[in-house]
Amino acid sequence: MGNLRKSKKHSVSDWIKSGMIAFIIYILIRTFFFSSYAVEGESMQPTLGEGDKLIVNKVKYQISDINRFDVIVFHEHVGENYVKRVIGVQGDDIRYKDDWLYINGKKVPEPYLDHLKVGYPGQDFTGDFTLKELTGKSIVPKITLNIKST
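Because the structure is predicted, anything quoted here is derived from the model rather than measured.

## Concerning the overall build of the protein
From N to C terminus, the protein includes 4 helices and 8 strands. Ordered by position from the N terminus, the helices and strands of the protein form the series α-β-β-α-β-β-β-β-β-α-β-α. Taken across its 150 residues, the protein has 20% of its residues classed as buried. Taking as baseline every contact in the protein between residues at least 6 positions apart, the subset at least 24 positions apart corresponds to 44%. For the protein, the accessible surface area stands at approximately 11,400 Å², while carbon and sulfur atoms represent 59% of it.

In structure tokens form, the structure reads like this:
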């Protein structure tokens, strides 16, 4: 009978240790490798909508560059997360005209919008603008990433 109690104690103790180790691994992964976010607002529709959940790889941009059309999460102010699609990288001239994206003077298809445009012919989804009108800069400047674990 004594051995059975010791065996049960070891079994419970082993489960508790395993649970603690799993929790510590979870915290480490969550802190240094991945984060989850909920989309707020409609600015990323149709790709992402209000309440959609994202899991973000925190390591990718520490070892590689941000590329055109990546969907990224960034923090402009403490406590505010923004989810956006990158349409221009360093040195690009960006403008929208007649609902078409132009990068360095070339018309660029946006296939993620195609299914929306079918139901609304002639309706613009993005207003006309140039990068200079929005930012005062003619080309996308070099951006220094300040990546922090949050």
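That covers the picture; the talk isn't over yet.
## Observations concerning the environment of I87
Checked against the element boundaries, I87 lands in the loop between strand 4 (80-85) and strand 5 (94-97). Separated by 16 residues in the primary sequence, I87 and I103 place their C-alpha atoms 8.2 Å from one another. The residues touching I87, leaving out its near neighbours within four places in the chain, are R68, F69, D92, I94, Y96, L101 and I103.

## Overview of the pattern of salt bridges
Applying the stated criterion to the full structure yields 1 salt bridge. Two residues, R68 and D92, come together in a salt bridge whose shortest N-O distance is 2.3 Å. A residue pair is termed long-range when its members are at least 10 positions apart, and R68 in the loop between helix 2 (60-63) and strand 3 (71-77) and D92 in the loop between strand 4 and strand 5 qualify at 24 residues.

## Description of the confidence of the model for the protein
On average, residues of the protein carry a pLDDT of 81, and 88% of them reach 70 or more. Across the protein, the element-wise mean pLDDT spans from 72 in helix 3 (residues 114-119) up to 94 in strand 7 (residues 106-108).

About the criteria used
Residues numbered from 1 in each chain as written. Predicted model: local features only at pLDDT ≥ 70, side-chain atom pairs only at ≥ 80, totals over all residues. Heavy atoms only, no water. Helix = DSSP H or I, 4+ residues; strand = E, 2+ residues; numbered from the N terminus. Buried < 20%, exposed > 50% of the residue type's maximum accessible area, 1.4 Å probe, protein only. Contact = heavy atoms within 4.5 Å. Areas by Shrake-Rupley, 256 points an atom, 1.4 Å probe, with all protein chains shown as cover. Salt bridge = Lys/Arg side-chain N within 4 Å of Asp/Glu carboxyl O. pLDDT = per-residue confidence, 0-100.

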